[in-house]
Amino acid sequence: NAGVTQTPKFQVLKTGQSMTLQCAQDMNHEYMSWYRQDPGMGLRLIHYSVGAGITDQGEVPNGYNVSRSTTEDFPLRLLSAAPSQTSVYFCASSYSSSGAYEQYFGPGTRLTVT
Amino acid sequence: KNEVEQSPQNLTAQEGEFITINCSYSVGISALHWLQQHPGGGIVSLFMLSSGKKKHGRLIATINIQEKHSSLHITASHPRDSAVYICAVRLATSGSRLTFGEGTQLTVNP
């Protein structure tokens with residue numbers, strides 16, 4: 001299994017540009033999430049999905065869209081990039097085993113918005 | 001106040017020392033996770049706890065549900081243990097969602 005994969009690893013955008021961060025998992029996990037990690041702050045949840053066709057907002061959803069058309073893929077779209085979206089983005093997947101949810105993280109995407 | 005507080009924020013140790021990282025939380029939880037993030041950035045799950053104690057090699061994690069507190073211990077620390085250690089809790093009402101502490105930067109010198 002490849003686990004959780006993310007592309008690209010690095011990206012530089014200009015203010016106002018749009019782009020999609022890709023996330024895929026091959027473990028048939030129900031749950032997928034997007035987090036951002038900023039210096040001095042813990043990981044913060046952007047959006048999450050509990051299954052194909054179902055998504056919901058996390059703590060910091062503004063400026064981002066997601067969709068979950070398949071179990072495997074959970075892309076994150078930046079609609080109009082802003083410098084405040086400069087961050088490291090992690091995608092994660094998890095499954096429920098007797099009510100416990102083991103988390104698997106992708107390698108991260110480092111995004112800079114100028 | 002954050003729902004999840006870790007201490008210390010930074011920790012420097014000499015190789016071989018016993019290390020403790022603490023995590024306190026203020027809400028009811030269904031599980032607590034300890035994660036490790038290496039300088040390259042990747043995040044790996046170390047432990048998932050809902051009660052008691054777990055051990056994996058030189059790492060030990062404990063949780064006291066009544067006191068809302070967990071500790072991560074590293075015995076016989078080694079420079080390769082240098083990383084950021086992150087505590088995350090699954091709130092009792094949040095299903096699969098996690099709330100994270102800010103992390104503890106551990107540096108182990110040879």
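Residues numbered from 1 in each chain as written. Chains lettered and ligands numbered in written order. Predicted model: local features only at pLDDT ≥ 70, side-chain atom pairs only at ≥ 80, totals over all residues. Heavy atoms only, no water.

J.: What should I look at first to understand the overall build of chain A in this one?
T.: Counting secondary structure elements, chain A contains zero helices and eleven strands. Counting helices and strands in the order they occur from the N terminus, chain A gives β-β-β-β-β-β-β-β-β-β-β. Expected size for 114 residues packed as a compact globule is a radius of gyration near 13 Å; at 13 Å, chain A falls within 12% of this value. For chain A, the proportion of its 114 residues judged to be buried stands at 46%. Nonlocal contacts in chain A, meaning residues at least 24 apart in sequence, comprise 53% of its contacts between residues at least 6 apart. Looking at chain A, you have 7 positive and 8 negative side-chain charges, and the mean spots of the two groups are 14 Å apart. (Helix = DSSP H or I, 4+ residues; strand = E, 2+ residues; numbered from the N terminus. Rg over C-alpha atoms; globule rule 2.2 N^0.38 Å. Buried < 20%, exposed > 50% of the residue type's maximum accessible area, 1.4 Å probe, protein only. Contact = heavy atoms within 4.5 Å. Lys, Arg positive; Asp, Glu negative; His and termini not counted. Charge placed at Lys NZ, Arg CZ, Asp CG, Glu CD.)

J.: Would you explain unusual backbone geometry in this entry?
T.: A negative phi angle characterises most non-glycine residues, just as the trans form characterises most peptide bonds. Note that the residue after A:Thr7, namely A:Pro8, is joined by a cis bond; omega there is -5 degrees. By the secondary structure assignment, A:Pro8 is in the loop between strand 1 (4-7) and strand 2 (10-13). The amide bond that connects B:Ser7 to the next residue, B:Pro8, takes the cis arrangement and shows omega of -5 degrees. Tracing the backbone through its elements, the reader meets B:Pro8 in the loop between strand 1 (4-7) and strand 2 (10-14). Even without being a glycine, B:Lys68 presents a positive backbone phi close to 55 degrees. With respect to the helices and strands, B:Lys68 occurs in the loop between strand 7 (59-64) and strand 8 (69-74).

J.: Looking at this structure, I do not really get the layout of surface pockets. What am I missing?
T.: If a probe as big as a water molecule is rolled over the atoms, it shows which places are left empty. Here the largest pocket is characterised by a volume of approximately 660 Å³. If you list the elements that add at least two residues to the lining of the largest pocket, you get strand 9 (87-97) and strand 11 (109-113) of chain A together with strand 9 (83-91) and strand 11 (104-109) of chain B. In terms of residue class, the lining of the largest pocket is made up of eleven nonpolar, 17 polar and four charged. Forming the walls of the second largest pocket are 17 residues, and the residues nearest its centre are A:Leu43, A:Arg44, A:Glu59, B:Thr99 and B:Phe100. Broken down by secondary-structure element, the contributors of at least two residues to the lining of the second largest pocket are strand 5 (44-51) of chain A together with strand 10 (99-100) of chain B. Each residue belonging to the lining of the second largest pocket can be placed in one class, and the counts come to seven nonpolar, five polar and five charged. (1 Å grid on protein atoms, 1.4 Å probe; cavity = no way out; pocket = protein on both sides within 12 Å on 5 of 7 lines; lining within 4 Å. Points joined across faces, edges and corners; volume = space filled by probe spheres on them. Nonpolar A, V, L, I, M, F, W, Y, C, P; charged D, E, K, R; others polar.)

J.: What should I look at first to understand the packing of aromatic side chains in this one?
T.: Aromatic ring pairs are reported here in terms of the distance separating the ring centres and the angle at which the planes meet. Following the criterion strictly, the structure yields three aromatic pairs over all chains and no others. On the basis of an interplanar angle of 85 degrees and a centroid distance of 5.0 Å, the ring pair of A:Tyr35 and B:Phe100 is categorised as edge-to-face. In this pair, A:Tyr35 is assigned in strand 4 (residues 31-37) and B:Phe100 in strand 10, connecting two distinct chains. For the pair A:Tyr35 and B:Phe100, a shared accessibility class is recorded, and that class is buried. These aromatic residues form a ring-pair network of at least three members: A:Tyr35, A:Phe105 and B:Phe100. (Phe/Tyr/Trp six-rings, centres within 6.5 Å; stacked < 30°, edge-to-face > 60°.)

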